[in-house]
Amino acid sequence: MASVELSNVSKVYDGNVKAVKEANLKIDDKEFVVLVGPSGCGKSTMLRMIAGLEEISSGELRIGDQVVNEVAPKDRDIAMVFQNYALYPHMTVYDNMAFGLKLRKFSKAEIESRVTDAATILGIKEYLDRKPKALSGGQRQRVALGRAIVRKPKVFLFDEPLSNLDAKLRVQMRIEINRLHTRLQSTMVYVTHDQIEAMTMGSKIVVLKDGIIQQVDSPLNLYNNPCNRFVAGFIGSPAMNFVEGSIKDENGLHFTANDIRFKLPEDRAGQIKKTGAMKVTLGIRPENILDPRASADKTLTDHQSINVEVVEPIGNEIFVYFSVDGNSFCMRAAPDQTCQPGDRMDIAFDANKLFFFNTETGERLV
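Scoring rules and cut-offs
Residues numbered from 1 in each chain as written. Predicted model: local features only at pLDDT ≥ 70, side-chain atom pairs only at ≥ 80, totals over all residues. Heavy atoms only, no water. Phe/Tyr/Trp six-rings, centres within 6.5 Å; stacked < 30°, edge-to-face > 60°. Buried < 20%, exposed > 50% of the residue type's maximum accessible area, 1.4 Å probe, protein only. Lys NZ or Arg CZ within 6 Å of the ring centre and 35° of its normal. Axes fitted to C-alpha atoms, helices over the stretch in contact; angles between N-to-C directions. Helix = DSSP H or I, 4+ residues; strand = E, 2+ residues; numbered from the N terminus. Parallel < 35°, antiparallel > 145°, perpendicular 65-115°, else oblique. Left-handed = near helix turned anticlockwise from the far one by under 90°. Contact = heavy atoms within 4.5 Å. Nonpolar A, V, L, I, M, F, W, Y, C, P; charged D, E, K, R; others polar. Polar contact = N/O pair within 3.5 Å; in protein donor to acceptor, adjacent residues only side chain to side chain. Pairing = 2+ DSSP bridges. Salt bridge = Lys/Arg side-chain N within 4 Å of Asp/Glu carboxyl O. Core = buried A, V, L, I, M, F, W, Y, C linked by side-chain atoms within 4.5 Å.

Caption draft 1: Inspection of the packing of aromatic side chains at higher detail. All told, the structure shown has twelve aromatic pairs when counted by the stated rule. Ring centres of Phe355 and Phe357 lie 6.4 Å apart, and the angle between their planes is 5°; on these two criteria the pair is classed as stacked. Each member of the pair, Phe355 as well as Phe357, is classed as buried. Cation over ring: Arg229 sits above Phe242, and NZ or CZ is 4.3 Å from the ring centre. Here Arg285 stacks its cationic end above the ring of Tyr223, 3.9 Å away from the centre of that ring.

The structure is reproduced here in structure tokens:
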């Protein structure tokens, strides 16, 4: 296996379109890294540069100790799993998995051993004589994974491999790929636009926006300590709630946004005061909007009366949607929370879970 390192790597297309801008990223040996971001953020372009399918405009790319900028894809010792499976329809599952090994002149015995081992790991041994059209989407994706596994490459690359599967199958395949990583102890780079996939699969997540790496961190640290408003809003489902307002010093610092007003806790007030920011954006996650009656053990902001607009029961929790001063909010509540659209209820924010961002730059203040 091997590490992957990007040093000031950029990709510029004709017309001066910058898909990736001076990316610096170190992926350690045996690490599972997920590249995540909205469509057009440059994540697939970055993956394709690692694979050698896109030429690097500037910067240096290393796989292991070797600079591979000018190395052909077939000589980089990587294996890629695509979104559309890319299986040969006229070949059996066995031949699809063995094809790359045959091109590399492996012996028949070695090919059979590797294909059988991979098929056993993936639970597709009984399908080796079938053709892709006789398989379900999940089975085809397993064949695509098997074709990569038999190569025993230095690095596995995944380009949104689960996006064509239904929701239940995506969950199953996420677990399978995680198990595969644990078993193979290999370096894996995985691209997705689905932040839930990113949070549940990667040991390290790279968040991109407009070709620029925003933050590289563990899943939980991304969730709890986002560096800016974009990361805070992209990571988490339902998304973080935001409202623009200002900081006013009136017998202590207060956040105000028309109908929303509360005093900041002393420690948070001191941190905000040091930044000198007056125009700020407040961020609060749905689970940190609380019913004051059931949260006596929490440090809460001043109570706010709201009108319930929509209630979504999920089973083990419910989502309550409401608006305050034209700002839409989502609250994650316990399943025994009894409320209906049109009800009035009191809410408060967990004062220790407030996020503040510079309204102009989006950078997190504290």
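Caption draft 2: Examining the packing of helix α2 (residues 93-103) against helix α4 (residues 137-149) more closely. Contact pair α2 / α4: the axes reach a minimum separation of 8 Å and the direction vectors enclose 30°. As far as their axial angle goes, α4 and α2 are roughly parallel. Relative to α4, the crossing made by α2 is right-handed. Contacts from Val93, Asn96 and Met97 in α2 reach Val143, Gly146 and Arg147 in α4. Tallied by class, the residues present in the contact of α2 with α4 amount to three nonpolar, two polar and one charged.

Caption draft 3: A look at α2. Looking only at α2, the buried set comprises Val93, Asn96, Met97, Ala98, Gly100 and Leu101. Taken together, the buried residues of α2 touch α3 (108-122) and α4.

Caption draft 4: Structural detail: unusual backbone geometry. Residue Pro238 is bonded to the preceding Ser237 through a cis peptide linkage, with omega at -5°. If you trace the backbone, Pro238 turns up in the loop between α8 (229-234) and β11 (241-249). One non-glycine residue with positive phi stands out, namely Asn8, at about 50°. Mapped onto the fold, Asn8 is located in strand β1 (residues 4-13).

Caption draft 5: Highlighting the environment of Ser107. Positionally, Ser107 belongs in the loop between α2 and α3. Polar side-chain contacts of Ser107 include one of 3.2 Å to the backbone nitrogen of Glu110.

Caption draft 6: Geometry of the sheet that holds strand β5 (residues 66-67). Taken in spatial order, the four strands line up as β2-β1-β4-β5 in an open sheet, and their pairing is antiparallel. The open sheet is flanked by β2 (17-27) and β5, the only strands paired with a single partner. Summarising the sheet, β1 and strand β4 (residues 58-63) pair through five bridges and their orientation is antiparallel. Bridging from a neighbouring strand, Glu5 pairs with Arg62 of β4.

Caption draft 7: Spatial organisation of the packing of α4 against helix α5 (residues 167-184). Viewed as axis vectors pointing N to C, α4 and α5 meet at an angle of 20°, and their least axial separation amounts to 11 Å. The angle between the axes of α4 and α5 places the two elements in the roughly parallel class. You can see that α4 and α5 cross each other, and the crossing is right-handed. Residues Gly137, Gly138, Gln141, Arg142, Leu145 and Ile149 of α4 form the contact with α5, whose participating residues are Leu169, Met173, Glu176, Ile177, Leu180 and Leu184.

Caption draft 8: Looking closely at the pattern of salt bridges. A complete count under the given rule lists 15 salt bridges for this structure. The shortest N-O distance in the salt bridge between Glu176 and Arg179 comes to 3.5 Å. With a gap of three residues between them, Glu176 and Arg179 both fall in helix α5, about one helical turn apart. Judged by relative accessible area, Glu176 falls into the partly exposed class, the value being 22%. Looking at Arg179, the relative accessible area reads 54%, which means it is exposed. Within the structure, one salt-bridge network assembled from shared partners comprises Lys11, Arg48 and Glu54.

Caption draft 9: Summary view of the nonpolar core. The biggest cluster of nonpolar side chains holds 45 residues, and the ones touching the most others in it are Met97, Leu145, Phe158, Ile177 and Tyr190. Contacts of Ile177, omitting those with residues within four sequence positions, involve Phe32, Leu145, Phe158, Leu162, Tyr190 and Met201. Judged by nonpolar contacts, the second largest core, of 31 residues, contains Phe262, Phe322, Val324 and Leu354.

Caption draft 10: Region of interest: the pairing of β4. With two bridges connecting them, β4 and β5 associate as antiparallel partners. The partner of Ile63 across the bridge, within β5, is Gln66.

Caption draft 11: Region of the structure containing the sheet that holds strand β10 (residues 212-217). Strand order in this open sheet of six strands is β6-β7-β8-β3-β9-β10, and the pairing throughout is mixed. Strands at the two margins of the open sheet, each flanked by one partner only, are β6 (78-81) and β10. Each adjacent strand pair in this sheet contributes to an overall mean axis angle of 20°, direction not counted. In the sheet, strand β9 (residues 204-209) pairs with β10 via five bridges, with the strands oriented antiparallel. If you follow Lys209 over to β10, its bridge partner there is Ile212. Strands in contact with α4 are β6 and β7 (155-159); relative to β6, the strand with the most contacts, it is inclined by about 175°.

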